[in-house]
Amino acid sequence: MEIKVTVNGTEHAADVEPRMLLVHVIREELGLTGTHIGCDTTSCGACTVLLDGVPVKSCTMYGVQADGREITTVEGLLEGGALSPMQAAFKEEHGLQCGYCTPGMMLVGTALIEDNPDPTDDDVRWAISGNICRCTGYMNIVKAIRAAAANKAAAGAAPSETSEPANA
Amino acid sequence: MVTEREEIRGLGHSVKRVEDDRFIRGAGNYVDDVVLPGMLHMAILRSPYAHATLNGIDASRAQALPGVVAVVTGELMAQHNLAWMPTLSYDTQAVLATDKVRFQGQEVAAVIAETAYIAKDALELIDVDYDPLEPIVTPQRALESDAPVIRTDKEEQKDNHIYHWETGDKEATDKAFEVADKVVSLDTFYPRCHPSPLETCGCVADVSPATGQATIYMTSQAPHAHRTVFALVAGLPEEKIRIISPDIGGGFGNKVPVYPGYVIATAASLLIGRPVKWIEDRTENLISTGFARDFHMHGELALKSDGTMTGLRVSLLADEGAFHADAQPSKFKIGLFGIVSGSYDLPTCHVSADGAYTNKAPGGVAYRCSFRVTEASYMIERLVQNAAYELDRDPADLRKQNFIEKDQFPYESATGFVYDSGDYQAAMDLALEKIGYDQLREEQKQQRDDGKLWGVGLASFTEIVGAGPHKDYDLLGLRMNDGAELRIHPTGKAILKISVQTQGQGHETTFAQIVAGELGIQPEDIKVMHGDTDNTPYGLGTYASRSTPVSGAATAMVARRVREKARQIAAHLLEVSEADIEYDEGVFSVKGAPDKAKTIQEVAFAAYTDLLEGMEAGLEGVYYYDPPNLTFPFGTYAVAVEVDPETGVWEVKRMVAVDDCGVRINPMIVEGQIHGGLTEGYGIAAMQLITFDESGNCIGSNFVDYLLPTAWETPKFELGETVTPSPHHPIGAKGVGESATVGSPAAYVNAVIDALRPLGVTNVDMPLTSAKVWAAIQEAKATASS
């Protein structure tokens, strides 16, 4: 089946089997291997991508269901070639170890702080509770997502000294 | 004259990780990301039965499916003498079944196809004729005289008993029990669980028909050892085998063994002449690869009435699954379980163990622990708490009374280990202070009066890691030594090649810091290379917290070796004798004339441009480290919980972890390791369970049934540290990756048992699900009212 998806701002056309999972379309048809596979049962979140800005587990969707829609993967997080606040915070706060869950965690975090610019620890823990990390014990992931929110708010406030902070 | 230099960020600095740069961009290269031209895909057909005779396989329908290239069966493997392979415990394991299937999930056939989807489709078209046999799902049943023999393939095997093994002095221990004032005992089952790294196991095998070169990209924690095993198993010349461990998405022991899938994919690539990729799905990972624990234990502690511990004895029965494939040093049938005397000055200790075959997956791995140390630590720490109750003593006080004191180190334990260093009292004092122990006990009284179930649990563990000295430690005869190779380039930048394999521990950062500490080159100027057997020195890999104790030591030693050559060059450049050169933080200066100096970068340039006549060019070295002893990290963990008496749900209110892992290379990374270990320990204590029904069906074959802690229920951790350097390690480090998984399960469980103490509950076996805790409460209440 012919589908058209916009991935990280670029429109792609692909001819895929109707049964092909979205994660395989992304990894194999589009060659974007930053999206990982961890469990096959929608439990671990390693395959998380943003579908029209909302986190979804791409192992539990067919590629054809993404026809005409917009997808963001980890490769699309860079902002003008520079690390996004979320990416930078994950490094700064040691929010990753083996790196396998990291793309999903960063994407969920990105969507969270879009909706909630100043999340509490519990807000973050609830938001990422569909994503499993086996290395970090989540402590530094929570710190990283909160730091990203703070940094993003500060950056948003910076250009004009008179403007209010985003979360004031 | 050397100008002011920036501080060298060697040991003790929380340097940000270099490996993060690729991972946060989605640019890691895990095994499933490897794509080679002409690559085929493999899927494995697995047995639905736990125990059955295999009468025959008809693959004709699968073979006829368009896109299928080959179907591999045990019969085909047998023609190449590859139907069976050796295990790490001197047993054999079926690569593909030929005679019987011996556990649910055992490899029966493999399909090689153009796509992964076609390969999986074809599995459905393979017809296998089985005759089910009685499945043996407990080691107790396995050892009954009328139990069917599982290993009928082994002529000498007439029953299901694998080994009997003892350590310690039985006679002296029995005597201590005869004269003891008090004997406290505990029967407990440390259940089977699975490490479940987020990335499953897999490989891409690429054997060139033209050259015979075999390049295998593989999820391996021990690529060098695996190369040698491949050479021995497949009869391939070792120089033509190249194992590449790409980025590894977590290991925790799961990626130590050689699995049948690796062997089948390699054989298929050799026979077909195209690369073959095999990636497990999660169910395959959970039902067929390295499990952990599965020990049925009985422990007894002998004490004087004043609380002095005088003896410890443990007998245990290990459920080894269908093939004895434990990954552990050859001489130790139940690993380093002899550490069971823990942090206590126990004059006698005796352990007696038996292992049995059952119809379950094989491969007892050291899941984030050093060879059965977790089971040992759990036993002693649970026993000590029960002993305190029976003697009406505070569990912290009873521990303190019996701790090995800091002036007793080096301390030889009753099972023959020589503990390198420790200050158990200091670690415990800090943990108690941080959690506010005395106050918690006061609050607990109040809460109990109000009918609430509040508990405080401790664990003061001692680990034994960093195997090990060649005299006692080997895997399949291979010394557990590791190499490091260091080359300093003319511009003063460096490359360090190591034998161990990171799976998230941050070796690319911390090993550069070790070199930085020894040579004064900034960590970001040192590239660390690992995971490619063609391009790194030999060594046995990363597990049992051995990277820092063994390979980290090799790294420090090779840097010192290079520094000696640098000193000679500096002496030449400064026109003084070598004895007149002083070294400090990357600067070689003349004694008494500090303004006459050369930096390591200047010396490195001279090593390729300006040498004394006759001196060998270059600045590099290699070092193989044979540790003189193991290292013994320790700590005290303190947990406060509240149990809901109506539901059995328990919640961690506080979790304080004080670790002493000797010198910390990168405190940020150490803390991250501890957070992770505490979470896995919590998972094991609370939810992670692989069990089987009476037919041998694996319960826990996916992440819906096999529960892992998420961010929501994972406790928040408060960390503390003491630093007692290892006296024999070049930089005083002990290793830390596993302390928290080893120490924490007993702390969580002790806290819950402490909460239930007013009801008279003395044991609930892990995992402490709310249903089990609730049932224990009901039973205790029923007993009390009867």
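Bear in mind the structure is a predicted one, so any value in this text is a computation, not a measurement.

### Brief notes about the overall build of chain B
Right, on to step 1. The helix and strand inventory of chain B stands at 19 helices and 34 strands.
Right, on to step 2. Here the C-alpha atoms of chain B give a radius of gyration of 28 Å, agreeing with the 28 Å that 2.2 N^0.38 yields for 786 residues.
Right, on to step 3. Projecting the C-alpha coordinates of chain B onto the three principal axes gives extents of approximately 90 × 75 × 50 Å.
Right, on to step 4. Counting across all 786 residues of chain B, residues that qualify as buried make up 60%.
Right, on to step 5. For chain B, contacts bridging at least 24 residues in sequence account for 79% of all contacts bridging at least 6.

### Focus: helix α10 (residues 373–390) of chain B
Residue and element names in this part refer to chain B.
Right, on to step 1. Across its 18 residues, α10 extends 26 Å between first and last C-alpha, which sits within 8% of the 26 Å expected from 1.5 Å per residue.
Right, on to step 2. The buried fraction of α10 is high, at 15 of 18 residues.
Right, on to step 3. Asp392 lies just past α10 and shows a positive phi near 55°.

### A look at the domain arrangement of chain A
Residue and element names in this part refer to chain A.
Right, on to step 1. For chain A, the assigned domains read domain 1 (2–76) and domain 2 (85–157).
Right, on to step 2. Of note, the centres of domain 1 and domain 2, computed from C-alpha atoms alone, are 21 Å apart.
Right, on to step 3. With 16 residues of domain 1 in contact, the opposing surface of domain 2 contributes eleven residues.
Right, on to step 4. Broken down by element, the residue count for the side of domain 1 that touches domain 2 peaks at three residues, all from strand β3 (residues 48–51).

### Let's talk about the domain arrangement of chain B
You'll often see interface size given as the accessible area lost when the parts meet.
Residues and elements named next belong to chain B.
Right, on to step 1. Here chain B is described as being made up of domain 1 (20–27 + 482–625), domain 2 (34–133 + 199–249 + 255–288) and domain 3 (363–408 + 418–462 + 631–785).
Right, on to step 2. Look at where the C-alpha atoms of domain 1 and domain 3 centre, and you get two points 40 Å apart.
Right, on to step 3. Counting residues at the interface gives 17 residues for domain 1 and 17 residues for domain 3.
Right, on to step 4. Of all elements in the fold, only α14 (507–519) and α15 (547–574) reach the threshold of two or more residues within the side of domain 1 that touches domain 3.
Right, on to step 5. Sorting elements by how many residues they give to the side of domain 1 that touches domain 3 places α15 first, with six residues.

### A few points about the sheet that holds strand β2 (residues 10–15) of chain A
Residues and elements named next belong to chain A.
Right, on to step 1. With respect to topology, five strands assemble into an open sheet ordered β2-β1-β5-β3-β4, the strand pairing being mixed. Each of the sheet's edge strands pairs with one partner strand only, and the pair in question is β2 and β4 (54–57). Averaged over all pairs of adjacent strands, the angle between strand axes in this sheet comes to 40°, irrespective of strand direction.
Right, on to step 2. Strand direction decides the pairing type here: β3 and strand β5 (residues 70–72), joined by two bridges, are antiparallel.

### Overview of the sheet that holds strand β23 (residues 482–488) of chain B
By definition, the strands of a sheet pair up through backbone hydrogen bonds, in either a parallel or an antiparallel sense.
Residues and elements named next belong to chain B.
Right, on to step 1. The strand order across the open sheet formed by four strands is β25-β24-β23-β29, and the pairing between neighbours is mixed. Sheet topology places β25 (526–529) and β29 (620–625) at the edges, where each strand pairs with a single neighbour. Strand-to-strand twist across the sheet, computed as the mean angle between neighbouring axes with direction ignored, equals 15°.
Right, on to step 2. The strands that α14 touches are β23, β24 (494–498) and β25; relative to β25, the one it contacts most, it runs at about 130°.

### Topic: the packing of α10 of chain B against helix α18 (residues 739–756) of chain B
All names here are of chain B.
Right, on to step 1. The interhelical angle for the contact between α10 and α18, taken along N-to-C directions, is 30°, at an axis separation of 8 Å. By the angle class used here, α10 and α18 are roughly parallel. The way α10 lies across α18 gives a crossing that is right-handed. Each of Val373, Thr374, Ser377, Tyr378, Glu381, Arg382 and Gln385 in α10 lies in contact with α18, whose residues at this interface are Thr741, Val742, Gly743, Pro745, Ala746, Val749, Asn750 and Ile753.
Right, on to step 2. Its residues placed into classes, the contact of α10 with α18 shows seven nonpolar, six polar and two charged.

### Details of the interface of chain A and chain B
Right, on to step 1. Contacts between the two partners involve 41 residues from chain A and, on the opposite side, 37 residues from chain B.
Right, on to step 2. When residues of the side of chain A that touches chain B are traced back to their parent elements, those giving at least two are α2 (85–92), α3 (102–115), α4 (121–127) and α5 (139–157) of chain A.
Right, on to step 3. Partitioning the side of chain A that touches chain B into residue classes produces 20 nonpolar, 15 polar and six charged.

### Things to note about the confidence of the model for chain A
Right, on to step 1. For chain A, mean pLDDT is 94; residues scoring 70 or higher make up 93% of the total.
Right, on to step 2. Note that residues 161–168 of chain A has pLDDT below 50 and, in this model, ten contacts with residues that lie over four places away or in other chains.

Criteria and cut-off values
- Residues numbered from 1 in each chain as written.
- Chains lettered and ligands numbered in written order.
- Predicted model: local features only at pLDDT ≥ 70, side-chain atom pairs only at ≥ 80, totals over all residues.
- Helix = DSSP H or I, 4+ residues; strand = E, 2+ residues; numbered from the N terminus.
- Rg over C-alpha atoms; globule rule 2.2 N^0.38 Å.
- Buried ≥ 20, exposed ≤ 12 C-beta atoms within 10 Å, placed from the backbone.
- Contact = placed C-beta atoms within 7 Å.
- Expected span 1.5 Å × (residues − 1).
- Domains from an automatic or database assignment.
- Pairing = 2+ DSSP bridges.
- Axes fitted to C-alpha atoms, helices over the stretch in contact; angles between N-to-C directions.
- Parallel < 35°, antiparallel > 145°, perpendicular 65-115°, else oblique.
- Left-handed = near helix turned anticlockwise from the far one by under 90°.
- Nonpolar A, V, L, I, M, F, W, Y, C, P; charged D, E, K, R; others polar.
- pLDDT = per-residue confidence, 0-100.

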